[in-house]
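The primary structure of each chain is shown beneath.
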Amino acid sequence: MISFEHVTKRYPDGTVALDDLSLECPTGKTTVLVGTSGSGKTTAVRLINRMVEPTSGRILIDGTDVRSRPPEQLRRGIGYVIQQVGLFPHRTIADNIATVPYLLGWDKKKARAQAHELMERVGLDPAISGRYPYQLSGGQQQRVGVARALAADPPILLMDEPFSAVDPVVRSELQQEFMRLQADLDKTIVFVTHDVDEAIKLGDRVAVFRIGGHLVQVDTPERLLTAPADEFVERFLGYDRGFRRLSFIDAKSLPLSTPETLELTASAEQAKTVLGSGAPVLVVDDRRRPVGWLIRSRVARWPDQSALVAVGHTFRADADSVRAALDSAVLSPVGVAVGVDDEGVLTGAIAHDEIAEAIRPPSAEIGST
Amino acid sequence: MDWQWAADHVDDFAEATRSHLYLALMPVLYGLLISIPLGLLCVRIPKLYPPVLGGANVIYALPGLALIVLLIDTTGFSNATIIIPLTLYTLVILIPNIVDGLRSVPEPVRQAATAMGFGELRRQIQVEFPIAIPYVMAGLRVATVSSISLVSIGVLIGDDFGGLGVFFIDGFQQDFMTPIIIGVVLSVALALLADALLVLAQRLLTPWSRTRRIRPLAQVERVEAGVSV
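Caption draft 1: The overall build of chain A, seen in detail. Helices and strands together make up the secondary structure of chain A, namely 14 helices and 16 strands. Structurally, chain A occupies a C-alpha span of about 85 × 55 × 30 Å along its principal axes. In chain A, which comprises 369 residues, the proportion classed as buried is 40%. Long-range contacts, defined as pairs at least 24 residues apart, comprise 60% of the intrachain contacts of chain A with a sequence gap of at least 6.

This is how it looks when you write it as structure tokens:
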């Protein structure tokens, strides 16, 4: 566990980067520090590896003051990833990754083997281990940065806006990769970002900072979205925090109904009969996988499949969140979210007004924040 | 141009060329040995840089002849009397190049190195200096070429101390162009050759340099595709 005890950092010019910070980052969990620029979150992580020294207060790792060890020795046990990556341009990818093992005096063979293993781990082809950083894309460079931080298997990982400089598609990939890695590795991670979505997606706990180095709230992402401590946090989380909160509710909790279905092989007669009531009917293939909606105004064209209206995207009834289900309903041409299992087989459907009903807070919560 | 004379004196030219190279390159080597630690120090303590650079400039401004005459008192008629001033002259080129090179190291690289657990000296030597090599090599090329062209003033101390310069004096005194032409041609050729070797050395030392982006990438891909290059 990393503990900040009443830590203040004041620069000689009088700027206060951190104001009396007390915070605990639990072992094996990801603590995300989020806030606007100038809120002291970067200063906070740099205090952990002594890139910055506090004006007052202490930082403890598992109860030991970080200042009880020489900085170089301390840092070799703490992985560090920054936004600009900071790869060594004159070293190959493998040697970049093996930086800390080399510093620790591992033999070259072992260090290289470790570098190759880590490349696979972070989703890089070991065939590029002999290349130089300039030959890699931004996303690949950041993967190397992560591999380099992990090379000596440090228990702690500090990540300062690691995914901020890449495009949204790559960022999302890197975030997925990060979650997969962390699920395996259980490192104690302190992660800095200015992106609330990223904080909520990646954090086990999220600490919100305000300008002047004030810590405003520390909570689980779900608690944060449900009960922001004050107006600042509420504004910072954004106007759609209610919608985002749905990410934390399992779609399993939704009451799905079994929709009226029609086989792909159904005749025109059958189609007319089923559509008699007027409500759209879901057409499924022989394995009951949704193919499209048949609506009344188009029923005359059946069995021509061009009569079908696309389902849009389905949601995994057993694995997705209510957010995915609601999104599926909102985007559905007929206002109905279609739930499927891991093989794409229909498990049920729910209309968006039914989802709205299901997520309405119990009356006891109405009126509280 | 007296070819017969030239053919008769091949050995003299060879000996003078060898001594020319020695007298020109030793100062560059010593200059580098002085400039690297001074450059590293100036980057670490930025206040030191202006006086160091100013000092190097003042030395460079001293007339070479005066410096040599002054030195004769202490070092006498020896190689040192020419090597010392030439060494001092390289500093004005090498120090700023080394400092600029070290300062060209991107801040995130420096920060990452520190955060990985490099001590300051180790970081300077293993990370920052290698990244500064293109700058250092640029300085080294100018210093080498200038040193090769300056050696000939050593002939003022004695025939043995000016490399190919001895032929300029001889030719001038005897009103005979052949040794002058051959001396100049050899001196220029040495400078060009040394420069070419340094360019080659730089390529070998910095396979990571962006300036050669297209070629190495194409090679890597061909290798990966299983085609030998």
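Caption draft 2: Main features of the overall build of chain B. Within chain B, the regular secondary structure consists of 10 helices and 0 strands. Secondary structure elements of chain B occur, N-terminal to C-terminal, as α-α-α-α-α-α-α-α-α-α. The C-alpha radius of gyration computed for chain B amounts to 22 Å, which surpasses the reference 17 Å derived for 229 residues by more than 25%, pointing to a less compact arrangement than a globule. For chain B, the spread of C-alpha atoms along the principal axes amounts to about 65 × 50 × 20 Å. Buried positions account for 35% of the 229 residues belonging to chain B. Looking at chain B alone, contacts between residues at least 24 apart form 69% of all its contacts between residues at least 6 apart.

Caption draft 3: Spatial organisation of helix α8 (residues 165–173) of chain B. Residue and element names in this part refer to chain B. Here α8 has its buried residues at Gly165, Val166 and Phe167. Buried residues in α8 make contact with α2 (10–44) and α9 (177–205). Asp175 sits one or two positions beyond α8 and adopts a positive phi of about 55 degrees.

Caption draft 4: Just the environment of B:Leu204, in detail. Of note, B:Leu204 is situated in helix α9. With 151 residues separating them in the primary sequence, B:Leu204 and B:Leu53 have C-alpha atoms 30 Å apart.

Caption draft 5: Region of the structure containing the pairing of strand β12 (residues 281–284) of chain A. Residues and elements named next belong to chain A. Relative to β12, strand β11 (residues 261–263) runs parallel, the two sharing 3 bridges. Among the inter-strand pairings, Thr261 is bridged to a residue of β12, identified as Leu282. This β-α-β element, β11 to helix α12 (residues 268–274) to β12, shows right-handed connectivity. Both β12 and strand β13 (residues 290–294) contribute to a ladder of 4 bridges, which runs antiparallel. Paired with Val283 across the bridge in β13 is Gly292. Adjacent in sequence and paired antiparallel, β12 and β13 are bridged by 5 residues, among which Arg288 carries a positive phi angle near 60 degrees.

Caption draft 6: Molecular detail of the confidence of the model for chain B. Residues and elements named next belong to chain B. Per-residue pLDDT for chain B has a mean of 88; in total, 91% of the residues score no lower than 70. Confidence scores differ between elements of chain B, with helix α10 (residues 214–224) showing the lowest mean pLDDT of 41 and helix α6 (residues 107–116) the highest of 95. Across residues 212–229 the pLDDT falls below 50, and counting only partners more than four positions away or on other chains, this stretch makes 10 contacts in the model.

Caption draft 7: Quick peek at the interface of chain B and chain A. Contact with chain B, which involves 19 residues of that partner, is made by 21 residues of chain A. The element best represented in the side of chain B that touches chain A is α6(B), accounting for 7 residues. Tallied by class, residues from the side of chain B that touches chain A come to 12 nonpolar, 4 polar and 3 charged.

Caption draft 8: Looking closely at the pairing of strand β7 (residues 156–160) of chain A. Residues and elements named next belong to chain A. In terms of burial, β7 is largely enclosed, as 5 of its 5 residues are buried. Taken together, the 5 bridges between strand β6 (residues 78–82) and β7 define a ladder with parallel strand orientation. Residue pairing for β7: Ile78 is matched across the bridge by Ile156. Sheet topology note: the β7/strand β8 (residues 188–193) ladder contains 5 bridges and is parallel. Bridge pairing links Leu158 to Val190 in β8.

Caption draft 9: Local environment of the sheet that holds β13(A). Residues and elements named next belong to chain A. The 3 strands are arranged β11-β12-β13 in an open sheet whose pairing can be described as mixed. At either end of the open sheet lies a strand with only one pairing partner, and these are β11 and β13. Strand-to-strand twist of the sheet, defined as the mean angle between neighbouring strand axes without regard to direction, takes the value 35 degrees.

Caption draft 10: Representation of the packing of α8(B) against α9(B) within the structure. Residues and elements named next belong to chain B. For the pair α8 and α9, interaxial distance at closest approach is 7 Å and the crossing angle is 160 degrees. In terms of orientation, α8 and α9 fall into the roughly antiparallel class. For α8 against α9, the interelement crossing comes out left-handed. Counting all contacts with α8, which are made through Phe167, Phe168, Asp170, Gly171 and Phe172, the residues of α9 involved are Met177, Thr178, Pro179, Ile180, Ile182 and Gly183. Partitioning the contact of α8 with α9 into residue classes produces 7 nonpolar, 3 polar and 1 charged.

Caption draft 11: Molecular detail of the domain arrangement of chain A. All names here are of chain A. When cut into domains, chain A gives domain 1 (2–248) and domain 2 (252–358). Placing the centre of domain 1 and that of domain 2 at their C-alpha centroids yields a distance of 43 Å. Of the residues lining the interface, 4 residues belong to domain 1; the matching set on domain 2 comes to 4 residues. For the side of domain 1 that touches domain 2, the residue count by class is 3 nonpolar, 1 polar and no charged.

Caption draft 12: Unusual backbone geometry, seen in detail. One non-glycine residue, A:Asp62, lies in the positive phi region at around 45 degrees. Position of A:Asp62 among the secondary structure elements: in the loop between β4 (56–61) and β5 (64–65). You will see that B:Asp175, though not glycine, has its phi angle at about 55 degrees, which is positive. Inspection of the secondary structure assignment puts B:Asp175 in the loop between α8 and α9. Classification of B:Asp175 by C-beta neighbours within 10 Å gives exposed; the count is 6.

Caption draft 13: Expanded view of the packing of α2(B) against helix α7 (residues 120–150) of chain B. Residue and element names in this part refer to chain B. Interhelical geometry of α2 versus α7 gives an angle of 145 degrees and a closest axis separation of 10 Å. Remark: the crossing between α2 and α7 carries right-handed chirality. Along the contact surface, α2 presents Ala24, Pro27, Val28, Gly31 and Leu40, while α7 presents Gln124, Leu140, Ala143, Thr144, Ser147 and Ile148. Here the residues of the contact of α2 with α7 sort into 7 nonpolar, 4 polar and no charged.

Caption draft 14: Region of the structure containing the sheet that holds strand β14 (residues 315–316) of chain A. All names here are of chain A. Spatial strand order, β14-β15-β16: 3 strands in an open sheet with mixed pairing. The open sheet has two edge strands with one neighbour each: β14 and β16 (346–351). Note: strand β15 (residues 336–340) against β16, 5 bridges, orientation antiparallel. When the bridges of β16 are listed, Ala337 appears paired with Ile350. Strands in contact with helix α13 (residues 322–331) are β14, β15 and β16; relative to β15, the strand with the most contacts, it is inclined by about 130 degrees.

Criteria and cut-off values
- Each chain carries its own residue numbering, running from 1 in the written order of its sequence.
- In the order they appear in the text, chains get letters beginning with A and ligands get numbers beginning with 1.
- Totals for whole chains, interfaces and linings use every residue, but because this is a predicted model, local features are given only for residues with pLDDT of at least 70 and side-chain atom pairs only at 80 or more, for both listing and counting.
- Here a helix means four or more residues in a row that DSSP labels H or I, a strand means two or more in a row labelled E, and each is numbered from the N terminus.
- Partly exposed residues are those falling between the two cut-offs: more than 12 but fewer than 20 other C-beta atoms within 10 Å of their own, whereas 20 or more means buried and 12 or fewer means exposed, with C-beta atoms placed from the backbone.
- Each residue is represented by a C-beta atom placed from its backbone, and any two residues with such atoms within 7 Å are regarded as in contact.
- When we talk radius of gyration, it's over C-alpha atoms, and the globule rule is simply 2.2 Å times the number of residues to the 0.38.
- When DSSP finds two or more bridges between a pair of strands, those strands are recorded as paired.
- Viewed with both strands pointing away, a crossover whose connecting path from the first strand over the helix to the second turns clockwise is right-handed.
- pLDDT is a residue-level measure of predictor confidence that goes from 0 to 100.
- Under the grouping applied here, Gly and all other residues not named as nonpolar or charged are polar, the nonpolar ones being Ala, Val, Leu, Ile, Met, Phe, Trp, Tyr, Cys and Pro and the charged ones Asp, Glu, Lys and Arg.
- Axis definition: a line fitted to C-alpha atoms, over the contacting stretch in the case of helices. Angles run 0 to 180 degrees between N-to-C directions.
- We call two directions roughly parallel when the angle between them is under 35 degrees, roughly antiparallel when it is over 145, roughly perpendicular when it lies between 65 and 115, and oblique otherwise.
- Crossing handedness is read from the near helix: turned anticlockwise from the far helix by less than a right angle, it gives a left-handed crossing, and turned clockwise, a right-handed one.
- For the domains described, the bounds stem from an automatic or database domain assignment.

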